Amino acid sequence: MTMNDIDAPEIFQPDAEGNGDAPARAAAGSAVNAPQRRAALRERLAAAAIAALLVTDLRNVRYLTGFTGTAGRLLVTADGHGDVFATDGRYATQAAEQVADLPRAITRADDWLPDALAGRDRLGLESHVVPWAVAEQLRALLTDVEVVPAAGHVEALRAVKDAGELAAIGRACAVADAAFAVLLADLRPGWTERHAARHLERAMEDRGADARAFETIVASGPNGARPHHRPTDRRLRRGELVTIDFGARLDGYHSDCTRVLSLGEPDGDARALFELALAAQQAGLDAVADGAATADVDAACRDLISAAGRGEEFTHGTGHGIGLDVHEDPRLAADAAGTLRAAMVVTVEPGVYVPGLGGARVEDTVAVTGAGSDILTATPKPLAVL
Ligand code: ZN
Ligand code: ZN
């Protein structure tokens, strides 16, 4: 990491061949549809009377440009004239390749902004991610511009995936499935939770994952009562449920899957807990379809668990959107107001957690379709008794 880009901004104009309908090929799985995505964002900005949006969330920048670096921001104008991508000198070459279709300011500073805004009077900031101090600096810099909060515009677009994104998430799911099969074949009594987690993560990377999507959860026996348990040195024992929540990241996109296994047949109470989570998850999957209210998917899972007298023991929401982030829009929860649309990708992951006894959760990553859903995580769901 270097800190050498304090020189005055120099805006590089787009390459002739990188303009308009022939954007330069971005990194695999990233924003080949970036111009269309920016066009969709302009419509939202115009409807919200925001003349321009300064996009600073790096996932949003990637979605709108294809840029995969760790420092970059993007000005998108409602009228479609004067978009600028800015990054620092470390990324000048990468930006020239990945963002060839936009003017580029190579600088850490924001001094290119007044000229780029060119008299536009209202600038939106991604208020859910912009630090207060940065907002204050921009207000001081842009004295003739009203700086307003503008959260969630790009996230709303990201919720509905295009074909390339669906394929990328599918590849991440397939890698995770293949790795889980390796874990099932290799797992032995006496392994610790931590060892099982690392074995699964290594198998994902060996099969093409860029990284794990998140810290793998391996929760055995009583630890299963903690939905976000971090793997410990506890050894896996016969007859206990082991809840494993895992995902892969590939080409920037994520998978998310939870399965439960047991070394030898679990005792009756534990088996019943698993079967309840499994039935609730199927009820949730059955409720997923284009046009379904996200709260109704949650209710389908929750009602079944409540009917079994364990409603208080399902202590989290039913699922979340997934894509460039592991957790993104929409949310599937009792208090979520959204509606599922075709080509959204969400998880369905009810669980039951009983302190002292343990817990179980079953989770798939699914793509919403007109009639229902395509389940992208293919690992079999019945309790794996090893
Ligand atoms: Zn998960
Ligand atoms: Zn999840």
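What you are looking at is a predicted structure, and each value in this text was computed from that prediction instead of being measured.

### Comments concerning the sheet that holds strand 8 (residues 211-212)
Spatially, three strands are ordered 8-11-12 in an open sheet, and the strand pairing comes out antiparallel. Looking at which strands have only one partner, the edges of the open sheet turn out to be strand 8 and strand 12 (253-254). Alignment of strand 11 (residues 248-250) against strand 12, held across two bridges, turns out to be antiparallel. What sits directly across from L250, in strand 12, is Y253.

### Looking at the packing of aromatic side chains
This structure, assessed with the given rule, holds three aromatic pairs. A centroid spacing of 5.5 Å and a plane angle of 90° characterise the contact between F67 and Y91, whose relative ring orientation is edge-to-face. One end of the pair, F67, is in the loop between helix 2 (58-65) and strand 3 (73-77); the other, Y91, is in the loop between strand 4 (84-87) and helix 3 (92-98), and 24 residues separate them in sequence. Overall, F67 belongs to the buried group, its relative accessible area being 2%. According to the relative accessible area criterion, Y91 is buried, its value standing at 13%. Just above the ring of Y63 sits the side chain of R37; from NZ or CZ to the centre is 4.1 Å. Positioned over the ring face of F314 is R302, at 3.9 Å from the centre of the ring.

### Brief notes about the confidence of the model for the chain
Taken as a whole, the chain shows an average pLDDT of 92; of its residues, 93% reach a score of 70 or greater. For the stretch residues 1-9, pLDDT sits under 50, and the model shows 13 contacts to residues farther than four places along the chain or on other chains. This stretch, residues 16-30, has a pLDDT under 50; its non-local contacts, to residues over four places away or in other chains, come to 25 contacts.

### Section: the coordination of the zinc ion (ligand 2)
In this structure, D256 (OD), H320 (NE2), E349 (OE) and E363 (OE) serve as the protein donors to the zinc ion (ligand 2), at separations of 2.0 to 2.2 Å. Expressed as a motif, the donor residue spacing for the zinc ion (ligand 2) is D-x63-H-x28-E-x13-E. Taken as a pair, the zinc ion (ligand 2) and the zinc ion (ligand 1) lie 3.2 Å from each other and share D256 as a ligand. Placement of E349 in the loop between strand 16 (345-348) and strand 17 (351-354) and of E363 in the loop between strand 18 (358-361) and strand 19 (364-368) is noted, with a sequence separation of 14 residues between them. Overall, E349 belongs to the buried group, its relative accessible area being 9%. Since its relative accessible area comes to 0%, E363 is described here as buried.

### Here we look at the packing of helix 1 (residues 34-47) against helix 2
Between helix 1 and helix 2, the shortest axis-to-axis distance is 6 Å and the interhelical angle comes to 115°. On the basis of their axis angle, the class for helix 1 and helix 2 is roughly perpendicular. Judged by residue contacts, A34, R37, R38 and L41 of helix 1 engage Y63, L64 and T65 from helix 2.

### Here's the deal with the layout of surface pockets
To locate leftover empty space, one rolls a probe as large as a water molecule over the atoms. The space that makes up the largest pocket amounts to roughly 440 Å³. What lines the largest pocket is a set of 27 residues, and nearest its centre among them are H228, D256, H320, H327 and E349. Put simply, the parts of the chain that give the lining of the largest pocket at least two residues each are strand 14 (319-321) and strand 15 (328-332). Looking at the lining of the largest pocket, the element that brings in the most residues is strand 15, giving five residues. By volume, the second largest pocket is sized at about 260 Å³. Looking at the second largest pocket, the residues that line it are L54, T56, D57, A71, G72, R73, D110, V129, V130, P131, V134 and L138. Of the residues assigned to the lining of the second largest pocket, the class counts are seven nonpolar, two polar and three charged.

### Considerations on the sheet that holds strand 10 (residues 241-246)
Hydrogen bonds between backbone atoms are what pair the strands of a sheet, whose relative direction is either parallel or antiparallel. If you trace the four strands from one edge of the open sheet to the other, you get 9-10-13-21, paired in mixed fashion. Strands with a single pairing partner mark the edges of an open sheet, and in this sheet they are strand 9 (217-220) and strand 21 (384-385). The pairing of strand 13 (residues 257-262) with strand 21 spans two bridges and is classified as parallel. Of the residues in strand 21, the one forming a bridge with L261 is A384. On the sheet, helix 7 (residues 163-186) packs against strand 10, strand 13 and strand 21 and is oriented at approximately 150° with respect to strand 10. Seen against the sheet, helix 8 (residues 193-206) touches strand 9 and strand 10 and runs at an angle of roughly 150° to strand 9.

About the criteria used
- Residues numbered from 1 in each chain as written.
- Chains lettered and ligands numbered in written order.
- Predicted model: local features only at pLDDT ≥ 70, side-chain atom pairs only at ≥ 80, totals over all residues.
- Heavy atoms only, no water.
- Pairing = 2+ DSSP bridges.
- Helix = DSSP H or I, 4+ residues; strand = E, 2+ residues; numbered from the N terminus.
- Phe/Tyr/Trp six-rings, centres within 6.5 Å; stacked < 30°, edge-to-face > 60°.
- Buried < 20%, exposed > 50% of the residue type's maximum accessible area, 1.4 Å probe, protein only.
- Lys NZ or Arg CZ within 6 Å of the ring centre and 35° of its normal.
- pLDDT = per-residue confidence, 0-100.
- Contact = heavy atoms within 4.5 Å.
- Donors = N, O, S within 2.8 Å, 3.2 Å for Na, K, Ca; no water.
- Axes fitted to C-alpha atoms, helices over the stretch in contact; angles between N-to-C directions.
- Parallel < 35°, antiparallel > 145°, perpendicular 65-115°, else oblique.
- 1 Å grid on protein atoms, 1.4 Å probe; cavity = no way out; pocket = protein on both sides within 12 Å on 5 of 7 lines; lining within 4 Å.
- Points joined across faces, edges and corners; volume = space filled by probe spheres on them.
- Nonpolar A, V, L, I, M, F, W, Y, C, P; charged D, E, K, R; others polar.

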